[in-house]
Amino acid sequence: MRRARARARTLISTAVALGGVLAGITPASASAFTAASASASASENTGQGKLTWSSCHDTTTPALQCAMLDVPLDYAHPNGTKIKIKVNRLPATAPKSKRQGPILLNPGGPGDSGLWMPAYISGKLPQDVASAYDWIGFDPRGTNASEPHVTCDAHYFDGERPDYQVSKGTSTAWLEKSAKYAADCAANWSWFLPHMTTVDNARDMDSIRRALGAQKINFYGGSWGTSLGSTYGQLFPSHVRRMVLDSIVGPTISWYDHNILQDKEHQRRFDAFAAWTAKADSVYHLGTDAATVKRKYYQVEDGLRANAVNAAPAPGKIGPAEFEDTFYGGGYNFLRWPRMATVLSAYLTKHDTRPLTIAYNSYAAPGADDGTFPAYNAVQCTENNWPRDWEFWKKDQATVDAVAPFYTYNNMWYNAACMFWPYQGHQAGRLKITGKGLPPVLLFQATEDAATPYQGGVAMHKALPGSKLVVQNGGSFHEILFHGNACLDDTFTAYLRDGSLPSGKGFIAKTCAPEPDPAPVYVNPPAASLTAKAKSALPPTDSEAVHGVR
């Protein structure tokens, strides 16, 4: 641990004093591996093991089966070191003549578990469609129940963390924290980190296909899952039967620039939340105009700077950073707005912090370790070049913050480990997506999506000839399917049923209306005896849950 701290200090001084050129810590780069992976033949032996299915012992879905699949750490050496991918399956029950093969599922992240998806998504569909597919979930390499489970700093997200706002004098603390995290990852996982890219995960998907004995797969992916799916399609187009991409990461934009787009779109969603709250002043008593509501939000944040709140049952306290983390998810899912407005109202009008602690534990509290953060960094920091000069970040991010203060510095510090990541980004950027050889891909995109802004859906549609773009005009959910919107869900169902695509001939094949805003309700905290239960993290199937976070 002492060596990690020393390395962190070295990285910080290098980034600040020498323009961020990280001398001496660029071993065999991830970029070289990515290029090699992309050129490998789809027909060669990948070295994967076999799937031996057994019951998952899931009392809600007894038919769910689980397995572990051995795959190569490095696909350039298929007979070398192996790692394990956790896979589950909800088998098709239709007559064999009506079965349509496996559909692999990924919710995004990078690194989020897909094990909840087979039961959930199949349960949203008509029986004739659900029964025709083998529904396949998996945990991306290095995450969740796959082995090994990469952990760099189990307590990285424990509160109270330094204030996100650079005006509060916390930049040095965040630089040290971010550099130490990168150093901890390198110290313990240097053998694994270069092999956690989107290309590696796409090759794992093909190992799953091979182990299933399927010539072709179907795929649904949301958020980063759209990057994963399009990457798979680029590498293995002949093995794609049908593909659905929901809430799309643009195929060419750098991850640094993508985050700036997020900052600006999250500001728009925060403005929308403030306007919605102002219309409900009789419920929340936070003001009758959006500007007043936003001032009340920052008033609460200032209060937590002065007196942080106990975060129990989560560790530590809720300070300004934890407060911001509790609120940014409203940009993914506006069904959180009533609880968010209640947090502000209770704090300011009743001096009651229980709604805040419940919301924090439900929305933002850390898990048992740093979760999918190692996978997030391993993907984003290595797939294209990042600026490594803190002076550049400071100036550039201040420009963004001037127009998007709600989320910019929160997002900056979340990504700051890329400034110190021990593997240089790929000079040419992410794998180029051309769609060559792919069947028609069905794309879903909301115009007000904060996490994967609308431009990404447009860019992916242009990159994939023959794709069909369905736009939810005015929609803001991140991952827009399965929220009860018949226009969207029926389009997905028809495609899975028989390959039917929207018939529109324009650039946008079909337009769907948004869901109505939630009703303004004051979310009263439960009785003390129920508080602990109310503070538990949301399951991914909850209506207020968000997927593909960050």
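Conventions used here
Residues numbered from 1 in each chain as written. Predicted model: local features only at pLDDT ≥ 70, side-chain atom pairs only at ≥ 80, totals over all residues. Heavy atoms only, no water. 1 Å grid on protein atoms, 1.4 Å probe; cavity = no way out; pocket = protein on both sides within 12 Å on 5 of 7 lines; lining within 4 Å. Points joined across faces, edges and corners; volume = space filled by probe spheres on them. Helix = DSSP H or I, 4+ residues; strand = E, 2+ residues; numbered from the N terminus. Nonpolar A, V, L, I, M, F, W, Y, C, P; charged D, E, K, R; others polar. Core = buried A, V, L, I, M, F, W, Y, C linked by side-chain atoms within 4.5 Å. Buried < 20%, exposed > 50% of the residue type's maximum accessible area, 1.4 Å probe, protein only. Disulfide = S-S within 2.5 Å. Pairing = 2+ DSSP bridges. Right-handed = clockwise from strand over helix to strand, strands pointing away. pLDDT = per-residue confidence, 0-100. Contact = heavy atoms within 4.5 Å. Expected span 1.5 Å × (residues − 1). Salt bridge = Lys/Arg side-chain N within 4 Å of Asp/Glu carboxyl O.

(A) Expanded view of empty space enclosed by the protein. Here the structure, examined in full by the defined rule, presents four cavities of 30 Å³ or more. In this structure, the largest cavity is lined by 13 residues; those nearest its centre are Thr198, Thr231, Glu383, Arg430 and Leu431. Going through the elements one at a time, α6 (198-212), α7 (224-235) and α14 (373-383) are the ones with two or more residues in the lining of the largest cavity. With three residues, the top contributor of residues to the lining of the largest cavity is α7. Here the lining of the largest cavity is composed, by residue class, of four nonpolar, seven polar and two charged.

(B) The arrangement of the nonpolar core in detail. Counting residues in each nonpolar core, the largest one holds 76 residues, and the members touching the most others are Leu245 and Trp421. Looking at which element gives the most residues to this core, the answer is helix α5 (residues 171-189), with seven residues. Counting residues in hydrophobic clusters, the runner-up holds 66 residues, among them Tyr133, Phe273, Trp276 and Ala359.

(C) Molecular detail of the state of the cysteines. Summed over all chains, the structure comprises four disulfides. Covalent S-S linkage joins Cys56 and Cys66, the inter-sulfur distance amounting to 1.9 Å. Judged by the torsion about the S-S bond (110 degrees), the Cys56/Cys66 disulfide is right-handed. Of this pair, Cys56 sits in the loop between β1 (54-55) and β2 (65-72) while Cys66 sits in strand β2, placing them 10 residues apart in sequence.

(D) A look at the sheet that holds β1. Ordered in space as β1-β2-β3-β5-β4-β6-β7-β10-β11-β12, the 10 strands form an open sheet in which the pairing is mixed. Of all the strands in the sheet, just β1 and β12 (510-512) have a single pairing partner and so form its edges. Two elements, β1 and β2, share two bridges in a ladder whose sense is antiparallel. In the sheet register, Ser55 faces β2, and the bridge partner there is Gln65.

(E) Highlighting the pairing of strand β11 (residues 468-472). With four of five residues buried, β11 is to be regarded as a mostly interior element. As paired elements, strand β10 (residues 442-446) and β11 share five bridges and run parallel to each other. Across the sheet, Phe444 pairs through a bridge with Val470, a residue of β11. For the handedness criterion, the β-α-β arrangement of β10, helix α17 (residues 454-463) and β11 is classed as right-handed. Note that β11 and β12 share three bridges and pair parallel. Within β12, the residue paired with Val470 across the bridge is Lys510. The parallel pair β11 and β12, bridged by helix α18 (residues 486-498), forms a crossover whose chirality is left-handed.

(F) The arrangement of the side chain of Asn333 in detail. You can see Asn333 is positioned in the loop between α11 (320-328) and α12 (337-349). We classify Asn333 as buried; its relative accessible area is 1%.

(G) Geometry of the pairing of strand β5 (residues 134-138). A large share of β5 lies buried, amounting to four of its five residues. Pairing analysis gives four bridges linking strand β3 (residues 82-90) to β5, with the strands arranged antiparallel. Paired with Leu90 across the two strands is Trp135, which belongs to β5. By the bridge criterion, four bridges tie strand β4 (residues 102-106) to β5 in an arrangement that is parallel.

(H) Region of the structure containing the confidence of the model for the protein chain. Averaged over all residues, the pLDDT of the protein chain is 91; the fraction at 70 or higher stands at 90%. Of the regions scoring below 50 in pLDDT, residues 1-8 engages in 11 contacts with residues more than four places distant in sequence or in other chains. In the model, residues 16-43 has pLDDT below 50 throughout and makes 53 contacts with residues more than four positions away in sequence or in other chains.

(I) Main features of α7. Taking 1.5 Å as the rise per residue, α7 with 12 residues should run 16 Å; its terminal C-alpha atoms sit 17 Å apart, in good agreement. With 11 of its 12 residues buried, α7 lies for the most part within the structure.

(J) Quick look at the environment of Val470. Turning to its location among the elements, Val470 is positioned in strand β11. When its relative accessible area of 0% is taken as the criterion, Val470 is described as buried. Residues Val470 and Gly506 lie 36 residues apart in sequence; the distance between their C-alpha atoms is 11 Å. Other than its neighbours up to four places away in sequence, Val470 contacts Leu442, Leu443, Phe444, Gln445, Leu488, Thr491, Pro502, Lys510 and Cys512.

(K) Quick peek at the side chain of Gln165. Tracing the sequence through the fold places Gln165 in the loop between β5 and α5. Overall, Gln165 belongs to the buried group, its relative accessible area being 13%. Contacts of Gln165, omitting those with residues within four sequence positions, involve Thr170, Arg305, Glu324, Asp401 and Tyr409.

(L) Structural detail: the pattern of salt bridges. On inspection of all chains with the given rule, the structure shows 17 salt bridges. In this structure, Arg161 engages Glu322 in a salt bridge whose closest nitrogen and oxygen atoms are separated by 3.1 Å. One end of the pair, Arg161, is in the loop between β5 and α5; the other, Glu322, is in helix α11, and 161 residues separate them in sequence. Each of the two residues, Arg161 as well as Glu322, counts as buried.

(M) Fine view of unusual backbone geometry. In this structure, the amide linkage connecting Gly109 to the following residue, Pro110, adopts the cis form with an omega of 0 degrees. As for its placement among the helices and strands, Pro110 is situated in the loop between β4 and α3 (117-122). Located in the positive-phi region is Ser223, a residue other than glycine, with phi close to 60 degrees. On the secondary structure map, Ser223 appears in strand β6 (residues 217-223). On the basis of relative accessible area, Ser223 is assigned to the buried category, the value being 4%. Phi at Glu479 takes a positive value of approximately 75 degrees, unusual for a residue other than glycine. Summarising the element assignment, Glu479 is placed in the loop between β11 and α18.

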